[in-house]
Amino acid sequence: MSIKRIDYCQFILTSQTNFTMTNFADHGQGFSHDAVKRYLQGDKLSASLVWEHAQRDIVPSPRGCIVFDDTILDKGHSHQIELVRRQYSGNAHGIIKGIGLVNCLYVNPDTGEYWPIDYRLFAPEQDGKTKLEHVRDMLVSAAGNKALPFTRVLFDTWYATMELMLLVDSLGKRFYCPIKANRLVDDSAGQTPYRAVSGLCWTAQEAERGKLIKIKGFPRDYKVKLFRVTVSSHRTDWIVTNDLAQDSTQGTQEACALRWKIEQFHRELKQLTGVEKCQCRKARMQRNHIACAILVWLRLRAVAKEKLSSMYQIKTSWLSERMRQELRSPSVLMRFA
């Protein structure tokens, strides 16, 4: 029996821990291992399919935000899987083997909802593109082809480059992003040499309302607003924005908080869809599995919203029902205690 895309997505949606082709073949009526393999080899799924399905559920907001970040799909035990390369993982705080997934999220700040609208696989051996170039392509697409209403673009320190900041500015959008503590800046209008951002002096007013700075390497007259945000007693974030009307450190912190929605998305994608668990060696099969996993996330998100529940509760409820059935009518009876 041939397998269709919806069959494979249903398997990912239903399975709890094992997302291999063998497990699908063992539990899918009439499905063989070879049939699953033929499907994953033959389909050609891309980010455009995710957008096609996501846009049906998106609740847009004039205050919408676009958030970018990447995550590593851990393939630590792989030896011959294509697309796997050694790269830095923020979660592992070191170099691991995995597939780089660069994501673009649309966030509605009014409701707190979020949806993946685009993604790219970091595979420079295949397309020659850096992660920054992938973000640039997705940003241009979001502002043009997708025609979503958004005013702010949020990204992490890794993407806080002059190229990306100026691109956001040229699109008429506002960026908020942290920069590294050793980034060289000038807050004296050229009166003193550039200094590391962590070495700047702050008045009480600047600490509350931010200060105007120039980042080294940027165009001569291009200024941004810098805010010092104390996250904890051991951590300070240095946030820059081209929103020169922003005059509140608290408001800046609230704007940046929406960036953590993408971390929540990454956690849900990995824990609920088995996006990391495909053991296929070929790049096309990995690409198709990842696309199906994101489609499953969209479905889980829609069902959770409909039932006023969490995605985790939806996924685990099937196991709970199975346990209730076993307790009512055990398939294996206890004979001694």
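Residues numbered from 1 in each chain as written. Predicted model: local features only at pLDDT ≥ 70, side-chain atom pairs only at ≥ 80, totals over all residues. Heavy atoms only, no water.

### Observations regarding the overall build of the protein
Here comes step 1: Looking only at helices and strands, the protein has twelve helices and eleven strands in total.
Here comes step 2: Dimensions of the protein, computed from the C-alpha atoms along their principal axes, are close to 80 × 45 × 40 Å.
Here comes step 3: The long-range share in the protein, meaning contacts at least 24 apart out of those at least 6 apart in sequence, stands at 60%.
Here comes step 4: When the accessible surface of the protein is totalled, it reaches about 17400 Å², and 51% of it is carbon and sulfur.
Here comes step 5: Side-chain charges of the protein comprise 49 positive and 35 negative groups, with the mean position of each set lying 3 Å from the other. (Helix = DSSP H or I, 4+ residues; strand = E, 2+ residues; numbered from the N terminus. Contact = heavy atoms within 4.5 Å. Areas by Shrake-Rupley, 256 points an atom, 1.4 Å probe, with all protein chains shown as cover. Lys, Arg positive; Asp, Glu negative; His and termini not counted. Charge placed at Lys NZ, Arg CZ, Asp CG, Glu CD.)

### With respect to the environment of Lys-173
Here comes step 1: Within the fold, Lys-173 resides in the loop between helix H7 (162–170) and strand E6 (174–179).
Here comes step 2: For the pair Lys-173 and Thr-236, spaced 63 residues apart in sequence, the C-alpha separation works out to 25 Å.

### Some points on the packing of aromatic side chains
Here comes step 1: Throughout the structure, instances matching the rule amount to eleven aromatic pairs.
Here comes step 2: In textbook terms, an aromatic cluster arises when at least three aromatic residues are bridged by ring pairs, as seen for Tyr-8, Phe-11, Phe-24, Phe-31 and Tyr-39. (Phe/Tyr/Trp six-rings, centres within 6.5 Å; stacked < 30°, edge-to-face > 60°.)

### Focus on the nonpolar core
Here comes step 1: Among the nonpolar cores identified, the biggest contains 62 residues, and Tyr-8, Tyr-119, Leu-269 and Ile-290 are the most heavily contacted of them.
Here comes step 2: No other element matches helix H11 (residues 283–306), which puts 14 residues into this core.
Here comes step 3: When sequence neighbours within four positions are dropped, the list of residues in contact with Tyr-8 reads Ile-3, Phe-19, Phe-24, Val-36, Tyr-39, Leu-40, His-289 and Cys-292.
Here comes step 4: By size, the runner-up hydrophobic cluster in this structure holds 38 residues, among which are Trp-51, Val-135, Val-197 and Val-224. (Core = buried A, V, L, I, M, F, W, Y, C linked by side-chain atoms within 4.5 Å. Buried < 20%, exposed > 50% of the residue type's maximum accessible area, 1.4 Å probe, protein only.)

### Topic: the packing of helix H4 (residues 47–54) against H11
Geometry of a packed helix pair, given as the angle between the helix axes and the separation of the axes.
Here comes step 1: Where H4 meets H11, the axes come as close as 10 Å, and the angle between the chain directions of the two elements is 10°. Classified by the angle between their axes, H4 and H11 sit roughly parallel to one another. Residue-level contacts link Leu-49, Val-50, His-53 and Ala-54 of H4 to Ala-291, Ile-294, Leu-295 and Leu-298 of H11.
Here comes step 2: Here the contact of H4 with H11 is built from residues that sort into seven nonpolar, one polar and no charged. (Axes fitted to C-alpha atoms, helices over the stretch in contact; angles between N-to-C directions. Parallel < 35°, antiparallel > 145°, perpendicular 65-115°, else oblique. Nonpolar A, V, L, I, M, F, W, Y, C, P; charged D, E, K, R; others polar.)

### A few points about the pairing of strand E9 (residues 211–215)
Here comes step 1: A large share of E9 lies buried, amounting to four of its five residues.
Here comes step 2: For strand E7 (residues 184–186) and E9, the ladder comprises two bridges, and the chain directions are antiparallel. Within E9, the residue paired with Val-185 across the bridge is Ile-215. (Pairing = 2+ DSSP bridges.)

### Overview of the pairing of strand E2 (residues 85–89)
Here comes step 1: Strand direction decides the pairing type here: E2 and strand E3 (residues 94–108), joined by five bridges, are antiparallel. Bridge pairing in E3 places Arg-85 opposite Gly-98.
Here comes step 2: Connecting the antiparallel pair E2 and E3 is a turn made up of four residues, with His-93 showing a positive phi of about 55°.

### Points about unusual backbone geometry
A negative phi holds for most residues other than glycine; trans holds for most peptide bonds.
Here comes step 1: Notably, Ala-147 is not glycine yet its phi reads approximately 55°, a positive angle.
Here comes step 2: Mapped onto the elements of the fold, Ala-147 is located in the loop between helix H6 (131–143) and strand E5 (152–154).
Here comes step 3: Phi at Ala-189 takes a positive value of approximately 60°, unusual for a residue other than glycine.
Here comes step 4: Under the relative-accessibility criterion, Ala-189 is labelled exposed at 62%.

### So, a nonpolar patch on the surface
Here comes step 1: Where nonpolar side chains cluster on the molecular surface, the patch consists of Tyr-88, Ile-95 and Trp-158 and spans about 360 Å² of accessible area.
Here comes step 2: Relative to the elements of secondary structure, Ile-95 occurs in strand E3. (Patch = residues over 30% accessible without salt bridge, like charges linked within 9 Å, V, L, I, M, F, W, Y side chains within 5 Å. Salt bridge = Lys/Arg side-chain N within 4 Å of Asp/Glu carboxyl O.)

### Examining helix H12 (residues 311–328)
Here comes step 1: Over its 18 residues, H12 runs 27 Å from end to end, which matches the ideal 26 Å to within 8%, given 1.5 Å per residue.
Here comes step 2: At Ser-317, H12 shows its largest kink, close to 35°.
Here comes step 3: Those residues of H12 hidden inside the fold are in contact with helix H1 (5–14), helix H10 (261–273) and H11. (Expected span 1.5 Å × (residues − 1). Bend = angle between axes of the 7 residues up to and from the residue.)

### Observations regarding the side chain of Asn-23
Here comes step 1: Mapped onto the fold, Asn-23 is located in helix H2 (residues 21–27).
Here comes step 2: According to the relative accessible area criterion, Asn-23 is buried, its value standing at 14%.
Here comes step 3: Polar side-chain contacts of Asn-23 include one of 2.9 Å to the backbone oxygen of Asn-18.
Here comes step 4: Setting aside residues up to four positions removed in sequence, Asn-23 forms contacts with Phe-11, Ser-15 and Asn-18. (Polar contact = N/O pair within 3.5 Å; in protein donor to acceptor, adjacent residues only side chain to side chain.)

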